[in-house]
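# Analysis of the macromolecular model
Here are the chains, one letter per residue:
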Amino acid sequence: MNKFTPIQKINHLEDTDYRALLDAVGTTALVSVTDTKGTILYVNKKFIEVSQYTAEELIGENHRILKSGHQPDSMFVELWQAISSGGIWRGEIKNRAKDGSYYWVDTSIAPIFTEQGELHRYIAVRFLISDKKAFEAGIIEQNRNLDKTKKAMLNILEDIETEKERAERLAQDLKKFQLAAQYSTDQIVITDAEGVIVYANPILETLTGFSVEESLGKKAGSPELWGGCMDEDFYADLWRIVKTEKKSFTGKIENKRKDGERYWASANISPILDETGEVTFFVAIERDVTREQEIDQAKTEFVSLASHQLRTPLSTINWYAEILLDGSTGKLTKEQKEYVEQMYASNQRMVDLVNSLLDVSRIELGTFQVEPVPTDIIELAESVLKEQRLEADKRKLQLKTVFDPKLPKIDIDPRLLRMVFQNLLSNAIKYTPDGGSVTYEVRKDARKKQVVFRVADSGIGIPRRQQKRIFSKLFRADNARESETDGNGLGLYIVKSVVEHSGGAISFTSTEGKGTTFTVRIPLSGMVKKEGTKELGS
Ligand code: ADP
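The structure contained in this document is the topic of the report that follows.

Here is what the cut-offs are and how they apply
- Residues numbered from 1 in each chain as written.
- Predicted model: local features only at pLDDT ≥ 70, side-chain atom pairs only at ≥ 80, totals over all residues.
- Heavy atoms only, no water.
- Axes fitted to C-alpha atoms, helices over the stretch in contact; angles between N-to-C directions.
- Helix = DSSP H or I, 4+ residues; strand = E, 2+ residues; numbered from the N terminus.
- Left-handed = near helix turned anticlockwise from the far one by under 90°.
- Contact = heavy atoms within 4.5 Å.
- Nonpolar A, V, L, I, M, F, W, Y, C, P; charged D, E, K, R; others polar.
- Pairing = 2+ DSSP bridges.
- Buried < 20%, exposed > 50% of the residue type's maximum accessible area, 1.4 Å probe, protein only.
- Polar contact = N/O pair within 3.5 Å; in protein donor to acceptor, adjacent residues only side chain to side chain.
- Core = buried A, V, L, I, M, F, W, Y, C linked by side-chain atoms within 4.5 Å.
- Expected span 1.5 Å × (residues − 1).
- Bend = angle between axes of the 7 residues up to and from the residue.

## Here's the deal with the packing of helix α13 (residues 414-430) against helix α15 (residues 491-501)
- For the pair α13 and α15, the least separation of the axes is 10 Å and the interaxial angle reads 145°. Handedness of the α13/α15 crossing: left-handed. Here α13 contributes Leu416, Met419, Val420, Asn423, Leu424 and Asn427 to the contact with α15, which in turn contributes Gly491, Leu492, Ile494, Val495, Val498 and Val499.
- Here the contact of α13 with α15 is composed, by residue class, of nine nonpolar, three polar and no charged.

Shown next, in the form of structure tokens:
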């Protein structure tokens, strides 16, 4: 026997009353009645409307038709336990309508008992709470979004903090750089890509006499400021290097101070490129080297003077040695002849050295003159070859020549070119062991519009690590010193100065132990005429 008292008994309601009651709540509530197994027996209008099924589709169907699968099975177990034991269950359930959409209902399910107190049916009353659920979901979503926003904000704050630290560090670095530039004893000038000054440090005033303020906005190194003392070619070259080739320029520049006094600056001008490789600005660092320059000049003048002075006694020794050797002053014994020959050879080396020193001092003291005249270059090459053939034969060297017979006459300074030929050929002979080969080539490179001189030997080569010093004054490579050859390390320095001063270019390739090739290129248009106070090689 069931402990519950049937509701009808207490309220004395008839069946028809129930139906009226169900219809009455039906405007707001979804009402359904099922048997004890959950088979639907009755649904009201609201139920039909919300579930989207027809009454026919629902009646006789199990209540599970509404299941959305959202709630866990354990909830339904609990529900059935409650109602089958006479209790009322209440809870929120997500149901599924016919079209697959969902709706939330606040559900109360109560058992109905027969008069005999037997469990007979269940009545379920549901109120739609989809709006409330959506609202709740909205709130949850909003909270989630808020959380995300909060996290994003925190990240931004963190980023700002890092950015701030970076900016502070940068500012500190910048401050350091500013201070370094401010107190630098070298003049530092920064210009835009057109050379207009955008920054200068205070030493500028000490060096040039112009104040920072009056220099800003003007072109660096223009005649309006401290420039204009070098020839136009020099400035054109400088701009080509830094602006077109985008390389650093290092060199000495003669400038003038505001009061007109000239001074020499050692300058380093570098282009600063952006990510696309375009010049954004230039940094020029300069230092007054007038004094060093004067000392250098004095040294060169001294060498020049000493060399000049040495030439006279050396010529005298030469002359007397020749007299002794030709026998006009009496026959020398074999031993005496040998000694005088040694004296003569050593003196000759001294003459060579003094002449080279004199050439170097001429190169360094000022511009030397280049006097181009139409010249048959093959003829010139052959005459140099003739001078050196004896030595080559003595050394059993195979001397090959590749001369272009159709080479036209070219405007060159024959004296200078002879020096170049002599030096390169004598080096090739000197640095090639007996029995080796030397190739001497003069030809036209029509495509590049140049005359090319090439001297290739199968000699000792130049050690790779010393190759970059090969054109330096007085430099001799280790293997050259060890080969017991005579030399003063001035020849290539003079050759390079001559070639470049007259508008040509010199280069070489070399492998130690295998051989060396020197190549000189001069434009077919000839050497560039240069006025000068000095003549080389005299
Ligand atoms: P040097 O009087 O010593 O020959 P140079 O100025 O003519 O002076 O040459 C400088 C140095 O370059 C030489 O001492 C030698 O080390 C190297 N050199 C020049 N030409 C050759 C060559 N053809 N083969 C190997 N080394 C060479």
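Picking up after the structure, the text goes on.
## Brief notes about the sheet that holds strand β14 (residues 437-445)
- With respect to topology, five strands assemble into an open sheet ordered β12-β14-β15-β17-β16, the strand pairing being mixed. This sheet does not close on itself; its edge strands, each paired only once, are β12 (398-403) and β16 (505-511). For this sheet, the mean inter-axis angle between neighbouring strands, taken without regard to orientation, is 10°.
- Here β16 pairs with strand β17 (residues 515-523) via seven bridges, running antiparallel. Looking across to β17, one finds that Ser507 is bridged to Thr519.
- The strands touched by helix α12 (residues 377-394) are β12, β14 and β15 (450-457); relative to β12, the strand with the most contacts, the crossing angle is about 180°.
- Relative to the sheet, α15 contacts β16 and β17, its axis offset from that of β16 by approximately 140°.

## Focus: the environment of Tyr102
- As for its position among the elements, Tyr102 is in strand β4 (residues 102-113).
- Remark: the alpha-carbon pair of Tyr102 and Ser130, spanning 28 residues in sequence, is separated by 8.5 Å.
- Excluding anything up to four places from it in sequence, Tyr102 contacts Ser68, Lys94, Asn95 and Arg96.

## Comments concerning the side chain of Ser361
- Mapped onto the secondary structure, Ser361 falls in helix α11 (residues 334-365).
- Residue Ser361 is classed as buried on the basis of its relative accessible area, which comes to 1%.
- One polar contact links the side chain of Ser361 to the main-chain carbonyl oxygen of Leu358, over a distance of 2.8 Å.
- In contact with Ser361, not counting residues within four places along its chain, are Thr300 and Ser304.

## What to know about the nonpolar core
- Grouped together as the largest cluster of nonpolar side chains are 51 residues, with contacts concentrated most on Ile377, Leu417, Phe421, Leu424, Tyr440, Val442 and Phe453.
- Residue contributions to this core peak at nine residues, all from α13.
- Core analysis: the next-biggest nonpolar cluster, separate from the first, contains 20 residues, Val50, Tyr53, Ile83 and Ala124 among them.

## A word on α12
- With 18 residues, α12 should reach 26 Å at 1.5 Å per residue; the first-to-last C-alpha distance of 26 Å fits that figure.
- In α12, a bend of some 45° at Gln388 exceeds every other bend along the element.
- For α12, the secondary structure elements touched by its buried residues are β11 (373-375), β12, β13 (410-412), α13, β14 and β15.
- The N-terminus of α12 is capped by Asp376, whose side-chain oxygen sits 3.1 Å from the backbone nitrogen of Ile378.
- Directly beyond the C-terminal end of α12, a positive phi value near 55° is found at Lys396.

In short, shape yes, function no, at least from these values alone.
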